[in-house]
Amino acid sequence: GEDVEQSLFLSVREGDSSVINCTYTDSSSTYLYWYKQEPGAGLQLLTYIFSNMDMKQDQRLTVLLNKKDKHLSLRIADTQTGDSAIYFCAEEPLETGTYKYIFGTGTRLKVLA
Amino acid sequence: DAGVTQSPTHLIKTRGQQVTLRCSPKSGHDTVSWYQQALGQGPQFIFQYYEEEERQRGNFPDRFSGHQFPNYSSELNVNALLLGDSALYLCASSARDRGQDEQFFGPGTRLTVL
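For clarity, every value in this text was computed on a predicted model and none was experimentally measured.

(A) Region of interest: the sheet that holds strand β8 (residues 74-78) of chain B. Residue and element names in this part refer to chain B. Taken in spatial order, the 4 strands of this open sheet run β1-β3-β8-β7, and their pairing is antiparallel. Each edge of the open sheet carries a strand with a single partner, namely β1 (5-7) and β7 (64-68). Each adjacent strand pair in this sheet contributes to an overall mean axis angle of 20 degrees, direction not counted. Where β7 and β8 come together, 5 bridges link them in antiparallel fashion.

Below, the structure is given as structure tokens:
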């Protein structure tokens, strides 16, 4: 099947680090993405990683990729209340064509003040 | 740059009716993809348009159809609406064939079918 799996909820205290995990399905996926969705809004691209990389850092965001286990994680350092949102990982399997993303069900991050 | 725009923002229809949703891609983008996001779920790929043709399609019935115009804008049409078609419909634009890797999403159209 084509199920990208994410845990449903994560709650952290302001200032702590958040780690959101994702297990994807297709080892041929060339790009893996993290999107943020705030209530009533569309998707905002946070970052992406190419499959030949193990790690990518972008300011407070760190993406780790374990291709062997098909595991992707997003770490948010110094989490702020404005980071409260739903976070989606998405894969782009090579054989399905460009920009045909398969999304996970999303992880709802709640940041406690 | 206005980014990806969609209209209308919200729409209420009844079962059996037909609906048309519209999308204008980000400036410089020529590829438009449509996604359906049911409540509490991740987006699911419906189809993609490039050069005014449907390039790829997800697992959606023929009631879902689309069109792309010469200015790259796109429409999504859904016929014979069902209650289960209630969702947020997202449009995304991209230009990978021109060497860009990112896909940008619009704010979505929330469709409610009564």
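(B) Representation of the sheet that holds strand β1 (residues 5-6) of chain A. Residue and element names in this part refer to chain A. Read across the open sheet, the 5 strands follow the order β1-β3-β8-β7-β6; overall the sheet is antiparallel. One side of each edge strand has no neighbouring strand; the edge strands of this open sheet are β1 and β6 (55-58). Sheet topology note: the strand β7 (residues 61-66)/strand β8 (residues 71-76) ladder contains 6 bridges and is antiparallel. Of the residues in β8, the one forming a bridge with Asn-66 is His-71.

(C) Structural view of the interface of chain A and chain B. On the side of chain B, 25 residues touch chain A, which itself brings 20 residues to the contact. For the chain A and chain B pair, buried surface summed over both sides reaches about 1800 Å², with 50% attributable to carbon and sulfur atoms. Broken down residue by residue, the surface that chain A buries against chain B is led by A:Leu43, A:Tyr99 and A:Lys100, which jointly contribute 36%. Between chain A and chain B we count 0 salt bridges in total. Counting the contacts that link chain A with chain B gives 5 residue pairs in polar contact (both at pLDDT 80 or more). The set of elements that each furnish at least two residues to the side of chain A that touches chain B consists of β4 (31-37) and β5 (43-50) of chain A. When residues in the side of chain A that touches chain B are grouped by element, the largest group, 4 residues, is from β4(A). Residues that form the side of chain A that touches chain B fall into these classes: 11 nonpolar, 7 polar and 2 charged.

Quick notes on the rules
- Residues numbered from 1 in each chain as written.
- Chains lettered and ligands numbered in written order.
- Predicted model: local features only at pLDDT ≥ 70, side-chain atom pairs only at ≥ 80, totals over all residues.
- Heavy atoms only, no water.
- Pairing = 2+ DSSP bridges.
- Helix = DSSP H or I, 4+ residues; strand = E, 2+ residues; numbered from the N terminus.
- Axes fitted to C-alpha atoms, helices over the stretch in contact; angles between N-to-C directions.
- Contact = heavy atoms within 4.5 Å.
- Buried area = accessible area lost by both parts, 1.4 Å probe.
- Salt bridge = Lys/Arg side-chain N within 4 Å of Asp/Glu carboxyl O.
- Polar contact = N/O pair within 3.5 Å; in protein donor to acceptor, adjacent residues only side chain to side chain.
- Nonpolar A, V, L, I, M, F, W, Y, C, P; charged D, E, K, R; others polar.

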